[in-house]
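# Structural description and commentary
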Amino acid sequence: MYAGTTTGRGWLSAEEVQALILGPRAATAQAGAERSVALNMDVAATASARIPIPDDVKLFIWRRDGGRCVRCGSQADLEFDHIIPLAMGGSNSARNLQILCATCNRAKGASLV
Ligand SMILES: [Zn+2]
């Protein structure tokens with residue numbers, strides 16, 4: 001049997017393998033467990049995004065970057081930008097932060113999508 005023809009993805013998920021081995025009842029229980037794990041991950045991601053950047057880190061970045069956008073040098077609408085987004089495993093450390101103006105921050109966000 002070629003798995004790709006049944007799933008369209010070319011591979012079977014854990015719950016689909018369970019369904020093949022144990023039948024549909026077991027697969028339902030397994031899917032429920034995976035849903036709760038996914039919910040917990042969502043909570044964790046949201047919580048880390050809410051951790052504020054410490055004031056001393058902000059001050060360090062402000063001085064390092066000269067109080068202006070590191071891309072275009074603007075001094076208006078400045079924001080602290082996570083070089084690696086928190087959602088992708090970035091941290092609130094100075095090495096992962098830079099000053100961007102709102103315009104450059106939006107442009108960066110668009111390019112990541
Ligand atoms: Zn800018």
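Above: the structure in question.
Residues numbered from 1 in each chain as written. Predicted model: local features only at pLDDT ≥ 70, side-chain atom pairs only at ≥ 80, totals over all residues. Heavy atoms only, no water.

## Quick look at the overall build of the protein chain
The helix and strand inventory of the protein chain stands at five helices and two strands. Starting at the N terminus and ending at the C terminus, the protein chain contains elements arranged as α-α-α-α-β-β-α. Split into buried and exposed, the 113 residues of the protein chain put 25% on the buried side. Just so you have it, the protein chain exposes about 8000 Å², and 60% of that area is on carbon and sulfur atoms. (Helix = DSSP H or I, 4+ residues; strand = E, 2+ residues; numbered from the N terminus. Buried < 20%, exposed > 50% of the residue type's maximum accessible area, 1.4 Å probe, protein only. Areas by Shrake-Rupley, 256 points an atom, 1.4 Å probe, with all protein chains shown as cover.)

## A look at the nonpolar core
A general tendency of soluble globular proteins is for nonpolar side chains to be buried together. Within the largest apolar cluster, six residues are counted, these being I53, V57, I61, A94, L97 and I99. Counting only elements with at least two residues in this core, the list comes to α4 (55-64) and β2 (97-101). With residues near it in sequence (within four places) discarded, V57 still touches N92, S93, A94 and L97. (Core = buried A, V, L, I, M, F, W, Y, C linked by side-chain atoms within 4.5 Å. Contact = heavy atoms within 4.5 Å.)

## Quick notes on the environment of R68
Among the structural elements, R68 can be located in the loop between α4 and β1 (78-82). For the pair R68 and C101, spaced 33 residues apart in sequence, the C-alpha separation works out to 7.6 Å. In this structure R68 touches G73, S74, Q75, L78 and I99, once residues within four positions along its chain are discounted.

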